[in-house]
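Coordinate inspection notes
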Amino acid sequence: PSKRTAVSIGHDASVQTTMLTSSNQLKPCVERSVAFASALTTLIVSEDMCKSQQILVGGYHADTFVLFNLTTQCQVLKFNCGSWKRPHDISFHLSEDNSEIEGRIAVVNNKNERQKQDSAPSTTTPILQAKRISSALQPLTFGERYHGRTVHCASLFEWGGGAWCLSGSEDCSVKLGRITPKASQYKLFQDLASFDSCVRACTSSTGDKSALLTLVGGKLELAMYILEGKGPSVSMITPKKSQEKSTEIDHRMNAVTSIHLGGDVFLVVTGDSRGKITVLKVEEGGSCTVLEESVSGLNSRPILCLDLVVVDPGLVILTAGNTAGVLGVFKIDLTSPSTYKCSLMHSFQPHSMGCNSVSVEYSGENTSKDLTIVTGGDDQALHCSIFKLHNLTVPLATVTVPNASSSALKSVMLSADSDKLYAVGYDQQLKAWEIRRFPGQLRGFTNVTGNADILSLVEAGKERVNVTDVSDGSCLQLRKGSDLVVVVGDGLEVVNISSAVEEEPLERAARALSKATHLLVTAGAGMGKDAGLPTFEDLNSSGNYKSMCDPVTLVEEREEFSSFWEKMGNTYKETKLHAGYEVVGRLAGAVEEAYCYTSNVDGHFRRLDAFAEGKLCEIHGYAGEWRCAAGMGRMEGGGERMGENWKTWHATCPEGCVKQEELLPCGARQCKGCGFVTRPNVLMFNDSDENVLAGIRQDRDRYQQWEAKMEERVCGSGSGSGSGSG
């Protein structure tokens, strides 16, 4: 009978149902928790509980009052009333048929009203605001049931073709949910075992057959789960552990990271408020072994963030940030299966206060691989450093954006593209940034300090999230150019970010060049024109340039032909390279290998060191080199060219120099070997000089071999290499 049933609520967000027995003894029978609220203040029970089972409870989530139907598990209504600390009174009741709810709320809203009096201080006048609320008891769902208090951590991962989110909260609860990217929706999959204290950090990593989920929190608690199967199913592989309390303080684990090492082995690293780093080896079968536990060497300050990346089958790089703003770069040696030795290689201070978040990637190809480390801190700064693996003590380049956020940055997340990152802080601004490596010539950089000539961070966009008290974020790439980001704090928000928006041509070029490991530069008359040199069209429109590009003119007008090409060769030599050549040289010098293919005969690309040692194909030759013209009157195969002018030529042409490789300086009018007339080493119209053609053919063959090698890299092995055109 309902008259012998009592229902009570409390600040622990629990609802207790108690029965009065026939002997007038109170007997607890049902206890339920309400996950959405941190404190329950309102209780509505239907007149006939046995018939309609209507139990409604009201409580607070941050500044919002929520009324929840415990029977149907539906949220009935919610409104902002300025938090439970503000003076207020609330009254609700059900209609006779239990289908309508009516109520009133009165809230004291403190507004500052300045009274203009002589030297009178400002006064605060309490304003009483009241509103009437009415709602039908329909299944009004405002979102999925989630944590009741501030969410401290979240980790996105992919499993079974879908996106999942692991999260932990200040209310000690742990939840695993599915994410629907297209609708940006969260749906709870399972409540996991609660902690004894608040959950501080979580991480996830996927293996061949399962995903490892790890959480840490207050009282040095640690819990691990395995997600596996098509269902899937979740099982705890290690019980929640709470190490013995220190006699000085109740310590906590603040950070955790994990990575799959291959097979059924995972590597887990935790960091705590004692400044200790613990390395654990976890196997899918359930075994968990602590391999090393030691003070990090970072001034023994509390660890706030961790991240791992595999750089070699036997080597993992660990990054750890602490409350002093110091970041440490560690090597974890995996060569010994029984112990993973963790050693500090380098430490530096990217932030003046706490280093709250770190994200690290190892990307590139062969010798061009870089270790990219991005951090965000309490000083509102965003920092990026790039290291070469062989030298972890000195960064290749660093850049800092000092005011990346208007408040403390809480999470930085490198995308799988490795040239893009996301950052979010207390100001609720989720910002996307581009990492631009090599070069810094491109214009338009903002808020950049450091080595902008080789590394820059460029803000690419931002979006305000509705989650307040931001604590953490996580990123998962759905496909190329599309990322899923969750931001948690007082709630959770899912943001689906696509970079498929059409970029400006220069932006696309910059993105491709920043990722290139090999570079092909193709250049024509435009490069020379920008240096002030006339093009073929310019010269031909003002004179007889076309005729000067035909070998027969040397036969008919020898002096005019030689004087023209001597003047052109000296002009090319005396012309200074414009800034574009410097850009090309820097681009080419920044990649693993570069090649230049040009139709220009000015020889300007020869002045760039990047195209030395056979990395230049001048398909029309070079006007700064001259050679004996004895072979000019020969056709392919050795026959003589026909015509009256050529008869005279053949009569005076020495046979000994028909085939020779010696090159002469520009303007040398006589061959050193036979004393015959010379010509520029340039392929002209109707040119059949085998001496010129042989050198060009050799350059062309060398280039085609390089091109074939590049095609094999792209199409044969599947690894990409960028290319650019100048």
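Residues numbered from 1 in each chain as written. Predicted model: local features only at pLDDT ≥ 70, side-chain atom pairs only at ≥ 80, totals over all residues. Heavy atoms only, no water.

As a further point, take the overall build of the protein. Within the protein, the secondary structure is distributed over 10 helices and 44 strands. Looking at the 726 residues of the protein, the share that counts as buried comes to 50%. For the protein, the exposed area adds up to about 34100 Å²; of that, 48% sits on carbon and sulfur atoms. (Helix = DSSP H or I, 4+ residues; strand = E, 2+ residues; numbered from the N terminus. Buried < 20%, exposed > 50% of the residue type's maximum accessible area, 1.4 Å probe, protein only. Areas by Shrake-Rupley, 256 points an atom, 1.4 Å probe, with all protein chains shown as cover.)

Attention shifts here to helix H2 (residues 505-515). Taken as a whole, H2 has its buried residues at Ala510, Leu513 and Ser514. In an axial view of H2, the angular spread of the buried residues amounts to 100 degrees, which keeps them on one side of the axis. Buried residues belonging to H2 abut strand E33 (429-437), strand E39 (518-523) and helix H8 (579-590). (Arc of directions from axis to C-beta. Contact = heavy atoms within 4.5 Å.)

Our focus in this paragraph is the nonpolar core. Formed by 28 residues in total, the largest nonpolar core has its most connected members in Leu554, Trp565, Trp649 and Phe676. Mapped onto this core, the elements with two or more residues apiece are helix H5 (545-548), helix H6 (552-556), helix H7 (558-574), strand E42 (621-628) and helix H9 (644-652). If sequence neighbours within four positions are ignored, Phe676 has contacts with Cys628, Ala629, Ala630, Trp649, Thr652, Cys653, Pro654, Arg669, Gln670 and Cys671. Counting residues in each nonpolar core, the second largest holds 22 residues, with Ile259, Val269, Val316 and Ala324 among its members. (Core = buried A, V, L, I, M, F, W, Y, C linked by side-chain atoms within 4.5 Å.)

Scanning the entire structure with this criterion turns up 17 salt bridges. Taking the shortest distance from any N to any O, the salt bridge between Arg274 and Asp272 comes out at 2.8 Å. A relative accessible area of 23% places Arg274 in the partly exposed class. Look at Asp272 and you get buried, because its relative accessible area is 2%. One salt bridge connects Arg669 with Glu559, and the closest N-O pair in it is separated by 3.4 Å. Of the two residues, Arg669 sits in the loop between strand E43 (664-665) and strand E44 (678-682) while Glu559 sits in helix H7, which places them 110 residues apart along the sequence. (Salt bridge = Lys/Arg side-chain N within 4 Å of Asp/Glu carboxyl O.)

It is worth spelling out the sheet that holds strand E35 (residues 455-464) at this point. Ordered by their spatial adjacency, four strands build an open sheet running E31-E32-E33-E35, and the pairing between neighbours is antiparallel. Each having just a single partner strand, strand E31 (409-414) and E35 make up the two edges of the open sheet. Averaged over all adjacent pairs, the angle separating strand axes in this sheet is 25 degrees, with direction ignored. (Pairing = 2+ DSSP bridges. Axes fitted to C-alpha atoms, helices over the stretch in contact; angles between N-to-C directions.)

Not every positive phi belongs to a glycine, and Lys219 is a case in point at roughly 60 degrees. Tracing the sequence through the fold places Lys219 in the loop between strand E16 (210-217) and strand E17 (221-228).

Turning to the side chain of His578, a few remarks are in order. By secondary structure assignment, the location of His578 is in the loop between H7 and H8. Judged by its relative accessible area of 18%, His578 falls in the buried class. If we ignore the near neighbours within four places in the chain, the residues touching His578 are Met527, Asp530 and Ala531.

A regular strand carries its side chains on alternate faces of the sheet. Taken together, the eight bridges between strand E37 (residues 482-489) and strand E38 (residues 491-498) define a ladder with antiparallel strand orientation. When the sheet's bridge partners are listed, Asp483 is paired in E38 with Ile497. Taken together, E37 and the strand that follows it, E38, pair antiparallel across an intervening segment of one residue.

Glancing now at the sheet that holds E39. Judged by pairing direction, the sheet is parallel, and its three strands sit side by side in the order E39-E40-E41 without closing on themselves. Strand pairing shows two members of the sheet lacking a second neighbour, E39 and strand E41 (616-618), which therefore form its edges. Across the sheet, the axes of successive neighbouring strands diverge by a mean angle of 10 degrees, strand direction being ignored. Examined bridge by bridge, E39 and strand E40 (residues 593-598) share six bridges and lie parallel to one another. By the bridge assignment for E40, Ala523 is matched with Thr598.

Looking now at the side chain of Thr17. Residue position: Thr17 is located in strand E2 (residues 14-20). Excluding anything up to four places from it in sequence, Thr17 contacts Thr5, Ala6, Val7, Pro28, Cys29 and Val30.

Turning our eyes to something else, we now look at the environment of Ser197. One can find Ser197 in the loop between strand E14 (185-192) and strand E15 (199-206). For the pair Ser197 and Arg252, spaced 55 residues apart in sequence, the C-alpha to C-alpha distance is 9.2 Å. Setting aside its immediate chain neighbours within four residues, Ser197 contacts Cys172, Gly218, Lys219 and Glu221.

Attention shifts here to the packing of aromatic side chains. Under the criterion given, the structure shown has 12 aromatic pairs. Look at Trp646 and Trp649: their rings are 6.0 Å apart centre to centre, the planes differ by 80 degrees, and that puts the pair in the edge-to-face class. You can see Trp646 and its partner Trp649 sitting in helix H9, three residues apart, about one turn around the helix. A relative accessible area of 5% means that Trp646 is categorised as buried. A residue is classified by how much of its surface remains accessible, and Trp649, at 2% relative accessible area, is buried. Here the aromatic cluster, defined as three or more aromatic residues joined through ring pairs, consists of Tyr595, Tyr597, Tyr703 and Trp706. (Phe/Tyr/Trp six-rings, centres within 6.5 Å; stacked < 30°, edge-to-face > 60°.)

In terms of burial, strand E12 (residues 162-169) is largely enclosed, as seven of its eight residues are buried. Once strand E11 (residues 151-159) ends, the chain turns through two residues before running back antiparallel as E12, passing Gly160 with a positive phi of about 60 degrees. One ladder, built from six bridges, connects E12 with strand E13 (residues 174-180); its direction is antiparallel. Within E13, the position partnered with Ala163 by the bridge is Ile179.

Summary statistics for the protein give a mean pLDDT of 79 and a share of 79% for residues scoring 70 or more. The least confident element of the protein is strand E10 (residues 123-136), whose mean pLDDT is 37; the most confident is E15, at 95. Considering only residues more than four positions removed or in separate chains, one finds that residues 110-143, a stretch of pLDDT under 50, has 65 contacts. Under a pLDDT of 50 for its full length, residues 717-726 has, in the predicted model, 28 contacts with residues more than four places off or in other chains. (pLDDT = per-residue confidence, 0-100.)

The subject of this paragraph is the environment of His152. Tracing the sequence through the fold places His152 in strand E11. For the pair His152 and Ser169, spaced 17 residues apart in sequence, the C-alpha separation works out to 5.2 Å. Beyond its immediate sequence surroundings of up to four residues, His152 is in contact with Gly168, Ser169, Glu170, Cys198, Val199, Arg200, Ser471 and Asp472. At 3.0 Å, the side chain of His152 and the backbone oxygen of Val199 are in polar contact. (Polar contact = N/O pair within 3.5 Å; in protein donor to acceptor, adjacent residues only side chain to side chain.)

Evaluation of the coordinates by the stated rule reveals zero disulfides. For the unlinked cysteine Cys198, the closest cysteine sulfur is that of Cys172, found at 6.6 Å. Since its relative accessible area comes to 14%, Cys198 is described here as buried. (Disulfide = S-S within 2.5 Å.)

Our focus in this paragraph is the environment of Thr652. Tracing the backbone shows Thr652 in helix H9. When the C-alpha atoms of Thr652 and Phe676 are compared, they prove to be 8.6 Å apart, with 24 residues separating the residues in sequence.

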